[in-house]
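Breakdown of the fold
Chain by chain, the residues run as shown.
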Amino acid sequence: MTIDEQVKLLERGATIIPEGGIKDKLELVQKEKRQLRVKLGVDPSSSDLHIGHAVILRKMRQFQDLGHKVILIIGDFTAMIGDPTGKNKTRPALSLEETRKNGETYIAQASKILDSDPKKLEIRRNSEWLEPMGFAEVIKLSSNYTVARMLERDDFTKRYKSGIPISVHEFMYPLAQAYDSVAINADIELGGTDQLFNLLVGRDIQKEYGQIPQVTLTTPLLEGLDGIEKMSKSLNNYIAIAESAESMFKKAMQVNDDMLYRYIELSTNLDLVKMKELIRTDVKKAHRIYAAELVRIYHSESDIKNAEERYDYVAKGGIPDDIAEYKLDKNELEDGKIWVCKLYALSGLTQSNAEAKRMIKNRGLRLNGEKIEDTNLQLSLDKPLVLQRGKDKFVKVSL
RNA sequence: GGGUCGGUGCCCGAGUGGUUAAAGGGGACGGACUGUAAAUCCGUUGCGUAAGCUACGAUGGUUCAAAUCCAUCCCGGCCCA
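Notes on the structure follow. Nothing here was measured: the structure is a model prediction, and the numbers come from that model.

Moving on: the sheet that holds strand β10 (residues 370-371). Taken together, the five strands give an open sheet; going across it, the order is β7-β13-β12-β9-β10, and neighbouring strands pair in mixed fashion. The open sheet has two free edges, formed respectively by β7 (324-327) and β10, since each of these has just one partner strand. The sheet contact formed by β7 and strand β13 (residues 393-398) spans four bridges and is parallel. Residue pairing across strands places A324 opposite V395, the latter belonging to β13. Strands β7, β9 (365-367), β12 (385-389) and β13 of the sheet are contacted by helix α17 (residues 340-347), whose axis makes an angle of about 80° with β12.

What follows is the structure, encoded as structure tokens:
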């Protein structure tokens, strides 16, 4: 591949700062006969990677495939300090052990996408260099940036204007992240568009430390299944890359029609021109192709059929066979029977007896496929029972 | 440090002594309709099968009765220093 072709591939779906920066970097390393050092910082506070994260990981993979080195930085130190007080309220600060564990899960999941050849992948933790930094060092680092410039960051601006508190330590986040770039001497740093500010701080700080500033490459954030918020675990609007083929297929089918093109664009390599046309002419089919493609990427060709069949079966009101099981303790029985509402609560399908009762009144609970009418129903468990909530939440109960 | 305003359920927000498990909106969850979509419409949205209990930043107090009044404390915004 010529450099121009490489640039074209790498820049697809991404925003580069400064413009043309990728080409310059590629030419530079060609001259110096070395690999690019491509950085991605990850926050080990959540352990479930979703297809939104995958956008950037897939971009990383492209760099690897072109022979470059990807450096994954687990932000174990920054996560340990605890999340800023911002919108998400205070998140309990994680212990080093937790962040380490989350980091491991992250790596395990990311390796579904990344090439784990050590020549192409380096994994570091930022506690490595941030922890030993003394206060004097930190002051020196922070003296390179001004409050006014910090406040330029979009979420700081918004919060400041609307009177939402900003703690001083939150200013340290961009700086710490920027210092990571210095520590590993990054040529390029990748991130979601929400990371742009932090990535740019990296450029400034690298300059201050006498390095050539990194080029930043940002990819769009994938909106969640609700079509409004960004995809995230806490909003529960995500498709995890580790979830089962069945669940993945189902969620993919539920992506809003309006969002489908964007999902295809950002999370698959499907032919965009063809898919755009298909969405126009036959949306349902487009959904199926997308759903199948996702399963193909994260599971395998052979899993598609099962996932699709299950989907169709449940859509028709069928009870699938891969249901979670719950073993009821005999002590819960009275005269060999148990009250329906209690059973639903115990099985975890409802949060409380009261909720189960309400759901029955709303005709939302089924037993062996039949709607439950009577809130006072007493059940004996001679045979296993299939409890169901809504369309697709099942639990099989037995003694 | 001083002044001032504020802290209500998942979120926003009304409520300034009893009729308040707390208006309204959002979200979420069910149902109808559908393509297990969207839109729309309907219902539910603290726990307890009940008596009742718990809940309006925390603790203590006043009162027959407190989210509402008082005291102290904690947290935050704004203004002044």
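We now examine helix α14 (residues 272-281). Because the α-helix completes a turn every 3.6 residues, residues three or four places apart line up on one side. Buried within α14 are the following residues: M275, L278 and I279. Seen along its axis, α14 keeps its buried residues to an arc of 100°; they face one direction. When the buried face of α14 is taken as reference, the exposed residues oriented beyond 90 degrees from it are V273, K276, R280 and T281. Where the residues of α14 are buried, they touch α13 (257-267) and α15 (283-298). Structurally, the start of α14 carries an N-cap: the backbone nitrogen of V273 is 2.9 Å from a side-chain oxygen of D271.

Cis peptide bonds are those with omega within 30 degrees of zero, and the linkage from I17 to P18 qualifies with -5°. If you check the backbone angles, K33 has positive phi at about 55° while not being a glycine. Locating K33 in the fold gives a position in the loop between α2 (21-32) and β2 (37-42). With a phi close to 55°, N236 is a non-glycine residue in the positive phi region. Within the element layout of this structure, N236 appears in the loop between β6 (215-219) and α12 (245-253).

A separate point is the protein's contact with RNA strand B. Surrounding RNA strand B, one finds 29 residues, the nearest of these being N353, R358, N362, R389 and K393. Among the atoms of RNA strand B close to the protein, meaning within 4 Å, 71% are from sugar or phosphate groups. Between RNA strand B and A354 there is a distance of 3.0 Å, counted from a phosphate oxygen to a backbone nitrogen or oxygen. Among the elements of the structure, α15, α16 (301-315) and α18 (353-361) are those that each provide at least two residues to the surface near RNA strand B. The element contributing the most residues to the surface near RNA strand B is α18, with five residues.

To continue, consider the packing of helix α10 (residues 172-184) against helix α11 (residues 196-208). Taken N-terminus to C-terminus, the directions of α10 and α11 make an angle of 55°; their axes are 8 Å apart at the nearest point. As the angle between them shows, α10 and α11 are arranged oblique. Seen from above, α10 lies across α11 with right-handed handedness. Between α10, through P174, L175, Q177, A178, S181 and V182, and α11, the contact on the second element is made entirely by F197, N198, L199, V201, G202, I205 and Q206. Looking at the contact of α10 with α11 residue by residue, the classes come out as eight nonpolar, five polar and no charged.

About the criteria used
- Residues numbered from 1 in each chain as written.
- Chains lettered and ligands numbered in written order.
- Predicted model: local features only at pLDDT ≥ 70, side-chain atom pairs only at ≥ 80, totals over all residues.
- Heavy atoms only, no water.
- Pairing = 2+ DSSP bridges.
- Helix = DSSP H or I, 4+ residues; strand = E, 2+ residues; numbered from the N terminus.
- Contact = heavy atoms within 4.5 Å.
- Axes fitted to C-alpha atoms, helices over the stretch in contact; angles between N-to-C directions.
- Buried < 20%, exposed > 50% of the residue type's maximum accessible area, 1.4 Å probe, protein only.
- Arc of directions from axis to C-beta.
- Polar contact = N/O pair within 3.5 Å; in protein donor to acceptor, adjacent residues only side chain to side chain.
- Near = heavy atom within 4 Å.
- Parallel < 35°, antiparallel > 145°, perpendicular 65-115°, else oblique.
- Left-handed = near helix turned anticlockwise from the far one by under 90°.
- Nonpolar A, V, L, I, M, F, W, Y, C, P; charged D, E, K, R; others polar.

Keep in mind these values describe shape, not function.
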